[in-house]
Amino acid sequence: MMRLNVKGKEALGVTVLTLVVVVGSTFLNLSQLSRVIVQETSEQVSLIKRQIFEYSKRVVLNAQSPDTHPVVLLATNQELKKFLEASVGYSPHLLYALIVDPQGKTLLHSEGVKTERPHPIRPRLEDLLSMGPIDRFTVLYQEGSIFDSTLPMTWENVPIGEVIVGIHTSLLRERMTSSLKTSVVFALVALPIAWLLTMGLATLTLRPIHALADQMEQLRQGRFDVLTDLSRTDEFRELASQLQLLGQQLKSDRLKTLSEETHLQGVIEHLEDGIILIDAEGQILFLNQAMETMVDMPISPPPGRLDVLGESFSPLIQLVEQALTEKKNFKAVSCFLPRRGERKSFYISIVCLGLFSQLHGAMIICRDIESMKTLQSLVRYAAQLTTLGQLTSGLAHEVKNPLNSMVIHLEILKEETKGLNGDFQKSLEVLEGEVHRLDRVVLGFLKFMRPQELELSSVNVNQLLKRELSLLEREWGNKGIRFVLDCESDLPVISADPDLLSQVFLNIILNACQAMEEQGGDILIATSTHQDNEIRISISDQGPGIPPEIQEKIFQLYYTTKHHGSGLGLSLVYRFIQLHEGIIDVQTEMGKGTTFIVRLPRKV
């Protein structure tokens, strides 16, 4: 199969494109022209039908014998017949014109056809107009196609016949053929011109490409100082300039290869796994720092063959000799090797390095099994904690159901024992309070254990704090507690869950209020920008402070120093801050107060 070069492909592509454009434009032109021709013919035929109908009406009105039936008058009127013949001669598109009675029998015919003969049923001209371009074009070029156009005639609301006009498609085809010939001539002229222009353009375009190909060959041979022709002013000048820059870049890249190899060596040296690279004869080419510590030998220069490692490394040496002899890879083979004066278990992996079935060397990887076991133990411990969380969450749900039943029956019992003595009622109230306290503990536990998904949105922390303080001032303002808000005016908006942040700030501020409930005082809430990517919120009270022995316990679940506390508030605060990838710190001094500092990133 013959393959085209770039010039041939370009010429063929432009020629095919020209052909497609010519054929497409010709098709659109002919489809539109066929519709216009049929539309004009339909309008002319409609005018002729109306003229024949009006002439027929005058024939009936001017009849000398009014009692004669209109059909008889039309069939015997010679002037009307001459009018039909004149109408056909007037229009170049008409084939015949006739008038038929209500039963379809011919009364008058422009071609002198015998009367009372039924007129054959033919396609309607209106159907030709409603066809698609391809179907209409096909019908116009079929031999012997005749279309009729009819107009019903009535006299005193009684049908007396129809005016029928016939059109032969050959009369319409003449105008179509003339336009088609013009399009074909245009295509025959356009295609050779497009071919010649394309060949000339391709020759001019490929000339600088051949020059660039020669310069690429020089680069392939290692001559990077390529001399390119920069005298041109078109895109090829830019390409030649880029080629010259490429030569300079290749030269620079070769110089950078050594530095990149040094960088790769540095990465390998910092791996925890021991790495040794050897050639096909077992000569050590490279070993990293982890392996150097293991064998107690310097990295540079390489110590020689693997035999110099000593008898303590004989399991490793024997495995490497087997891999090189059999050209076989080994994966995670357990061996005991010395490390820091002790014999420890390692996984040894050996990867043979070669090209085209020729062995060039091998890479030896020594991995500490004890480190892997420690990591696996941590993973198992995390899985056990997850399972424990699911178990305790389910248990809390099971405890909550009977608690609800107990609350309902306590209410019923209180209603039924209203008349009993006060001690019994107090016992019921104590029992009800303890049940409600246990229910709050279970709810808090569920809330703490249930996975929380953040519903992030843009949050203005200043506005959030103002809204919370407006609610708290009504309750605590009468108790001598004053809220002082010091907000940074241009504090950036952060991405956060507004409901969870409201709970965080509300819990911290309520703790401050409760700490100052007896003596009163000021609670200072301040916001500021901390660095460029986070904001800082501090909440300071003038309470008694937190004793040193319990400072590390305040965020633990269920830990509380309040008589009626649940021990969930600060635990949830700590968890919600963690969900937002934030940090919470506590600064306290006995007798002077406590400050909670919350730092939140601008984007979670």
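What counts, and where the lines are drawn
- Residues numbered from 1 in each chain as written.
- Predicted model: local features only at pLDDT ≥ 70, side-chain atom pairs only at ≥ 80, totals over all residues.
- Heavy atoms only, no water.
- 1 Å grid on protein atoms, 1.4 Å probe; cavity = no way out; pocket = protein on both sides within 12 Å on 5 of 7 lines; lining within 4 Å.
- Points joined across faces, edges and corners; volume = space filled by probe spheres on them.
- Helix = DSSP H or I, 4+ residues; strand = E, 2+ residues; numbered from the N terminus.
- Nonpolar A, V, L, I, M, F, W, Y, C, P; charged D, E, K, R; others polar.
- Buried < 20%, exposed > 50% of the residue type's maximum accessible area, 1.4 Å probe, protein only.
- Lys, Arg positive; Asp, Glu negative; His and termini not counted.
- Salt bridge = Lys/Arg side-chain N within 4 Å of Asp/Glu carboxyl O.
- Contact = heavy atoms within 4.5 Å.
- Pairing = 2+ DSSP bridges.
- Axes fitted to C-alpha atoms, helices over the stretch in contact; angles between N-to-C directions.

## Brief notes about the layout of surface pockets
Here the second largest pocket defines a volume of roughly 200 Å³. The wall of the second largest pocket is formed by V100, G104, H119, P120, I121, R122, R124, D148, T150, E162 and I164. Within the residue set of the lining of the second largest pocket, elements represented by two or more residues are β3 (146–155) and β4 (158–168). Residues that form the lining of the second largest pocket fall into these classes: 4 nonpolar, 3 polar and 4 charged.

## Some points on the side chain of E468
By the secondary structure assignment, E468 is in helix α12 (residues 461–476). Despite being buried, E468 has no salt bridge partner; R467 is the closest side chain of opposite charge, sitting 4.6 Å away. Ignoring anything within four residues of it in the chain, the contact list for E468 reads S502 and L506.

## Focus: the sheet that holds strand β2 (residues 106–109)
Within a beta sheet, neighbouring strands are joined by backbone hydrogen bonds and run either parallel or antiparallel to one another. Taken together, the 4 strands give an open sheet; going across it, the order is β2-β1-β4-β3, and neighbouring strands pair in antiparallel fashion. At either end of the open sheet lies a strand with only one pairing partner, and these are β2 and β3. If you compare each strand with its neighbour and ignore which way they point, the axes differ by 25° on average. In the sheet, strand β1 (residues 94–100) pairs with β4 via 6 bridges, with the strands oriented antiparallel. Bridging from a neighbouring strand, Y96 pairs with G166 of β4. The strands touched by helix α3 (residues 78–90) within the sheet are β1 and β2, with β1 carrying the most contacts at an inclination of about 155°.

## Quick look at empty space enclosed by the protein
If you walk through the whole model with that rule in mind, you get 2 cavities of 30 Å³ or more. Computed from the structure, the largest cavity encloses a volume of approximately 40 Å³. Where the lining of the largest cavity is concerned, the elements lending two or more residues are α1 (6–61) and β3. With 4 residues, α1 is the single largest residue contributor to the lining of the largest cavity. Considering only residue class, the lining of the largest cavity consists of 5 nonpolar, 2 polar and 1 charged.

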